[in-house]
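# Observations on the three-dimensional arrangement
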Amino acid sequence: MTLWFVFALMTVAAIFAVLWPLGRGSGGSDDVAGSQAGEVAVYKDQLAEVERDLAAARIAAPEADAARVEIGRRLLAAAADSDVPAAKTSVTWRRAAAVLALLGLPLVAIGVYMPLGSPLLRDFPLAQRERGANMTQSLENLVVQVEQHLEKNPADGRGWSVLAPVLERLGRFDEAVRAYRNALTYNGESAERRSDLGEAISAAASGVVTAEAKAEFERAHALNADDPKANYFLGLAAEQDGRKDDAAAIWRALLAKAPADAPWRHLVQTSLVRVGGGTMPALSDETIAASKDMNEGDRNAMVRGMVERLASRLKQNGGDVDGWLRLVRAYLVMGERDKAMGASTDARQAVANDAERLRQLNEGLKTLGLDG
Amino acid sequence: MIAESGHYALVLALALALIQSVVPLVGARLNDAALMNVARSAALAQLLFVGASFTALVMLHVTSDFSVANVYENSHSMKPLIYKITGVWGNHEGSMLLWVSILALFGGMVAAFGNNLPLSLRAHVLAVQAWIASAFYLFILVTSNPFLRILNPPIEGRDLNPVLQDIGLAVHPPMLYLGYVGFSISFSFAVAALMEGRIDAAWARWVRPWTLVAWIFLTLGIAMGSYWAYYELGWGGWWFWDPVENASLMPWLAGTALLHSALVMEKRNALKVWTILLSILTFSLSLLGTFLVRSGVITSVHAFATDPTRGVFILLILCLFIGGSLSLFAGRATALKQGGLFAPISREGALVLNNLLLTVACAVVLFGTLYPLAMEVLADFKMSVGAPFYNLTFAPLFALLLLAVPFGPLLAWKRGDLLGVTQRLLAAGVAGLIAVAIVWGWAHGGSTLAPLAIGLGIFVIAGAVTDLVERTGLVRLPFATVLQRARGLPRSAWGTAFAHAGLGVALIGIVCETTWNSEYVATMKQNDVAHVAGYELKLDGLFQRQGPNFREMIAEFNVSRNGEPVSVMTPSKRSFTTRGSSTTEAALLTRGASQLYVSLGDVTNEGAIAVRIYHKPLVLLIWWGPVLMAFGGMLSLSDRRLRVGAPKPARAKQRLQPAE
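## So, the overall build of chain B
Across its full length, chain B holds 21 helices and 10 strands. A globule of 660 residues ought to have a C-alpha radius of gyration of about 26 Å, and chain B, at 27 Å, matches this closely. The 660 residues of chain B split such that 62% are buried. A fraction of 74% describes how many contacts in chain B between residues 6 or more apart in sequence connect residues 24 or more apart. About 24500 Å² of surface is accessible on chain B, with carbon and sulfur atoms providing 67% of the total. For chain B, the centre of its 45 positive side-chain charges and the centre of its 34 negative side-chain charges are spaced 15 Å apart.

As structure tokens, then:
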């Protein structure tokens, strides 16, 4: 409310600036006559100046004479053709100008401001930001402290292992790569460290498993053939090379060995579906069995109901990237592309503050064919 | 609330500018004082609102309000306060806001101090100012709005380009803009004169000081920018003939010409039409500079975001104002009253020669700037026009100009005596020749032209001194009289002498730096010693340090000369994590006007570091020259006497040398 009050005050001030000279009436007509004679006045000033200079002995008498003659000549010329037109007062035009100020000015201002401005958004100066901001702040401070410590003790392998994933989460991938390399150097080889390094390298390359990254995963695979991260990324490399069958084979083998509660299980399944090598267990077997007996309309209604429940759940808890991806996919399957786009926008906003999740989300959306 | 109020204030300024561009013109046509006076109050209110808008943006940057996209993209909460403030104009949107703020400032100044202007002239001038302002307000609001918001504000900003995190950003752009935009006043005066169809004495009295103000700021701004590039970019170069540098040099050349032709107009009522044309050209070149920097047609340190819509918009503004004003000129110039006549050998004649050389030099720079761009667009052929081109074209023109500079102030108005002036300049000429001889005998290596150029520099300085000696009667008259005459001398005469001497000083600096600068490039380890120009620099070691938003690697050099310790130099490399880029901070050691310059390269695997060391003799003269010029300009500006250039009566010359 205060904002609109401030806007109103400012508008009134602007209008007043235009109306004020208009309201002063014909008092200005003396001005006109006075300044139309401006040229003559300048020359008269110059003559007076010459006298002053002469009195102060700044110029010699002959030069003063010459100057006087010169100015006099110009003065005569100026006086000859200065036919001062009488000043007029044109009430109609003044009224028109007043109307322009009273109506035109606010209309232009509102007309330009409304599409551009965000009057409902308050200020967010950093000092007033809530704790979330401070926590990230302190996280970055911690990173700086650890970095300073490592500058003095570059051989501290444990320090590098702690720092690397944090850097990766902050989106500083190049530095994360360096940190993982140092961790490898000072802590020794291990499949996990090799595949972590590979992951950071491909993150730095915006998700592309480069030849360099692939070499790391292959080394990790050689150290431990069951390392899930190495296997997953080798599959991804195969997919990015266009060898979809190889990718599917690798991931299938990975799923076969995976423990049932592995947190990455879902990711691998999604990937498998993407390369066309598996089905998506989005609905549990019982639900599918139940839906088999339904007619087309009922089944659609059931699916819709589930989608709506998912949507409302995500509205309250927006941090679930997989949930968002499921929702977007469901909309796409139902042929409602607009809603899918809307949901992906909502999802981006919901996880905008978390770089890692945003990256996951963007990758997921990309595979669904919803770019940017 | 601050963000939205600032945004709305800018919109109101646009609305006011629109009214200001129409109502006063109607008033002038009807000869209605009240309608014409709308221009004044509207211009002042515009200044108020743009000022508020700019202040709002500064506050948003200072409080790190990342809900404003401009702040998010160009600021960082850990940045030192000074860079939070300067960062406001370290980006495209903010610098445009500074641009229009300065435009409004100049408009407001005309409104506030223009009481002695004829009313209709003031109305016209302010209306033209308002056209320019409206175009740029629209440009800002539509294509480069600094007040756009982000719905979910990010927690940290993306930081300012590290190269710009320097005190230079606090000085260089505001000065340069004061120069560029200052020329809008003479442009507005010129267009107003064309629309009114007459130029009177008040016109001439007004245009010169405004041009002078703009010229002073532009001179300082260019010099500051050059010095900044010199110490920040780490190459020790101070002028690259980069298109953006040329974009600032061209208005300077045209503005210098304008300054001198305005002088003729003020004093002698001549060269009116030419002065009008120069006013239009000077501001057109300023606009061209704005276009080059912001449209993305060139890539350089200065090139802001490359957004084609902005380029098209500015191109439209450019065509509208340059095309419009030139067609107005073509249509109306013949209607203007011609001024007084003069002989070819006279002060006026000398100033015409000055104008001729300056405009040709300006045309050369314009050609060198636009030709490669045109080739790239039309023939898809990349080429660069650099120092060799300008050495062949620009340098001879300027040498000719400098040779003529000492003659100008000594010639009398209307009809001069070249032979007499040459006699009086004999001493200065001899001083120049002695300098040539000394430099020739003393210096080893370098171009054969260098001693000649230094002699030319000395001649220009000695010529300026001669002018003062002549006017005060030093040598001929008793000291007390001289002192009195020196005090009585108009400050503009002192200003002329200082500005002209500044040219000579800068020339000497340029020649010395380019001819006798010594360079040492090597990879150094700890305790290695480099020998450059008689100095020994020992690398003591490398250290790490944490700055507010960067990490810094410092190299410490112990500098000694003939075994005597001189100083410690600490060049460094800063890496900025947020932008993932680094800058080199060169270390400078000033000895007299010469400098020792150390900048760091990359660290090799063995812990050695690439180092560039330069010794630059008399390099500081390059910037002292422009400072001297600007000082001369200020002296001249402070001299607000009315000016009239009367010819010297023939008889008087034998009797007494008049002071003015």
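Structure shown, so let's carry the discussion forward.
## What to know about the nonpolar core
W99, Y137, F189, W203, L253 and I276 of chain B are the most contacted members of the largest nonpolar core, which has 182 residues in total. If one sorts the elements of this core by residue count, helix α8 (residues 201-232) of chain B sits on top with 17 residues. Look past the residues within four positions of I276 of chain B in its chain and what remains in contact with it is A190, A193, L194, I199, W203, F329 and L336 of chain B. By size, the runner-up hydrophobic cluster in this structure holds 35 residues, among which are A213, Y232, F233 and A238 of chain A.

## With respect to the packing of helix α17 (residues 449-472) of chain B against helix α19 (residues 491-516) of chain B
Residues and elements named next belong to chain B. Contact pair α17 / α19: the axes reach a minimum separation of 9 Å and the direction vectors enclose 165°. In terms of orientation, α17 lies roughly antiparallel with respect to α19. Judged by the sense of rotation from one axis to the other, the crossing of α17 with α19 is left-handed. Residue composition of the contact of α17 with α19, by class: 20 nonpolar, four polar and one charged.

## Here we look at the sheet that holds strand β10 (residues 609-616) of chain B
All names here are of chain B. Strand order in the open sheet formed by four strands is β1-β10-β9-β8, with antiparallel pairing between adjacent strands. With one partner strand each, in any of the chains shown, β1 (518-524) and β8 (587-591) form the two edges of the open sheet. Taken pair by pair, the neighbouring strands of this sheet meet at an average axis angle of 15°, ignoring direction. Where α8 meets the sheet, it contacts β8, β9 (594-603) and β10, and its direction lies at approximately 50° from that of β9.

## So, the packing of aromatic side chains
Residues and elements named next belong to chain B. For the structure on display, the rule yields 33 aromatic pairs over all chains. Centroid distance F389 to Y390: 4.9 Å. Interplanar angle 80°. Geometry classified as edge-to-face. For F389, a relative accessible area of 24% translates into the label partly exposed. Judged by its relative accessible area of 0%, Y390 falls in the buried class. Aromatic side chains Y597 and Y614 sit 5.5 Å apart centroid to centroid with 80° between the ring planes, which places their arrangement in the edge-to-face category. A residue pair is termed long-range when its members are at least 10 positions apart, and Y597 in strand β9 and Y614 in strand β10 qualify at 17 residues. Per residue, the accessibility class of Y597 equals that of Y614, and both read buried. One aromatic cluster in this structure is built from W239, W241, F367, Y371, F389, Y390, F394 and F398. Looking at R561, its charged tip hangs above the ring of Y535, at a distance of 4.6 Å from the centre. Taking NZ or CZ as reference, K616 lies 4.9 Å from the ring centre of Y614, over its face.

## Overview of the interface of chain B and chain A
Counting from both sides, the interface comprises 80 residues of chain B and, opposite them, 78 residues of chain A. It is Y8, N31 and I155 of chain B that lose the most area in chain B upon contact with chain A, and together they represent 11% of the buried surface on that side. The tally of links between chain B and chain A comes to two salt bridges. Across the pair R149 of chain B and D123 of chain A runs a salt bridge, and its minimum N-O distance is 3.9 Å. At the boundary of chain B and chain A, one finds 11 residue pairs in polar contact (both at pLDDT 80 or more). Elements that contribute at least two residues to the side of chain B that touches chain A include exactly α1 (2-30), α2 (33-62), α6 (119-143), α8, α9 (243-268), β3 (535-546) and α21 (652-655) of chain B. Looking at the side of chain B that touches chain A, the element that brings in the most residues is α1 of chain B, giving 17 residues. Here the side of chain B that touches chain A is composed, by residue class, of 44 nonpolar, 17 polar and 19 charged.

## So, helix α9 (residues 191-204) of chain A
Each α-helix winds once per 3.6 residues, and so residues spaced three or four apart point in a common direction. Residue and element names in this part refer to chain A. Counted at 1.5 Å a residue, the expected span for α9 with its 14 residues is 20 Å, and the 20 Å between its end C-alpha atoms agrees. Taking burial as the measure, the 14 residues of α9 include 11 buried ones, the bulk of the element. Taken as a whole, α9 has its buried residues at A191, R194, S195, D196, L197, G198, E199, A200, I201, S202 and A203. Its buried side turned inward, α9 meets α7 (157-169), α8 (173-187), α10 (211-223) and α11 (228-240). Positioned one or two residues after α9, S206 has a phi angle of 50°, which is positive.

## Here's the deal with the domain arrangement of chain A
Here chain A is partitioned into domain 1 (2-82 + 91-115), domain 2 (145-274) and domain 3 (286-367). Computed from C-alpha atoms alone, the centre-to-centre distance between domain 1 of chain A and domain 2 of chain A is 74 Å.

## Brief notes about a nonpolar patch on the surface
Residue and element names in this part refer to chain B. Taken together, L426, V430, I434, I438 and W442 make up a surface patch of nonpolar side chains, about 560 Å² in accessible area. Tracing the backbone through its elements, the reader meets V430 in helix α16 (residues 426-442). V430 gets classed as partly exposed once you look at its relative accessible area, which sits at 43%.

## Topic: α11 of chain A
Residues and elements named next belong to chain A. For α11, built from 13 residues, the straight-helix expectation of 18 Å at 1.5 Å per residue is met to within 8% by its first-to-last C-alpha distance of 18 Å. Across the 13 residues of α11, 10 count as buried, placing the element largely inside the fold. Among all positions of α11, only A230, N231, Y232, F233, L234, G235, L236, A237, A238 and E239 are buried. Taken from the residues just after α11, G242 is the one with a positive phi, measuring 90°.

## Observations concerning the domain arrangement of chain B
Residues and elements named next belong to chain B. Segmenting chain B into domains produces domain 1 (1-165), domain 2 (186-404), domain 3 (405-516 + 620-641) and domain 4 (518-616). Just the C-alpha atoms count here: the centres of domain 2 and domain 4 sit 39 Å apart. If you look at the interface, domain 2 gives eight residues, while domain 4 gives 11 residues. Between domain 2 and domain 4, a total of about 790 Å² is buried, with carbon and sulfur atoms accounting for 38% of that surface. It is Y230, E232 and G234 in domain 2 that bury the most area against domain 4; as a group they hold 53% of the surface buried on that side.

About the thresholds
Residues numbered from 1 in each chain as written. Chains lettered and ligands numbered in written order. Predicted model: local features only at pLDDT ≥ 70, side-chain atom pairs only at ≥ 80, totals over all residues. Heavy atoms only, no water. Helix = DSSP H or I, 4+ residues; strand = E, 2+ residues; numbered from the N terminus. Rg over C-alpha atoms; globule rule 2.2 N^0.38 Å. Buried < 20%, exposed > 50% of the residue type's maximum accessible area, 1.4 Å probe, protein only. Contact = heavy atoms within 4.5 Å. Areas by Shrake-Rupley, 256 points an atom, 1.4 Å probe, with all protein chains shown as cover. Lys, Arg positive; Asp, Glu negative; His and termini not counted. Charge placed at Lys NZ, Arg CZ, Asp CG, Glu CD. Core = buried A, V, L, I, M, F, W, Y, C linked by side-chain atoms within 4.5 Å. Axes fitted to C-alpha atoms, helices over the stretch in contact; angles between N-to-C directions. Parallel < 35°, antiparallel > 145°, perpendicular 65-115°, else oblique. Left-handed = near helix turned anticlockwise from the far one by under 90°. Nonpolar A, V, L, I, M, F, W, Y, C, P; charged D, E, K, R; others polar. Pairing = 2+ DSSP bridges. Phe/Tyr/Trp six-rings, centres within 6.5 Å; stacked < 30°, edge-to-face > 60°. Lys NZ or Arg CZ within 6 Å of the ring centre and 35° of its normal. Buried area = accessible area lost by both parts, 1.4 Å probe. Salt bridge = Lys/Arg side-chain N within 4 Å of Asp/Glu carboxyl O. Polar contact = N/O pair within 3.5 Å; in protein donor to acceptor, adjacent residues only side chain to side chain. Expected span 1.5 Å × (residues − 1). Domains from an automatic or database assignment. Patch = residues over 30% accessible without salt bridge, like charges linked within 9 Å, V, L, I, M, F, W, Y side chains within 5 Å.

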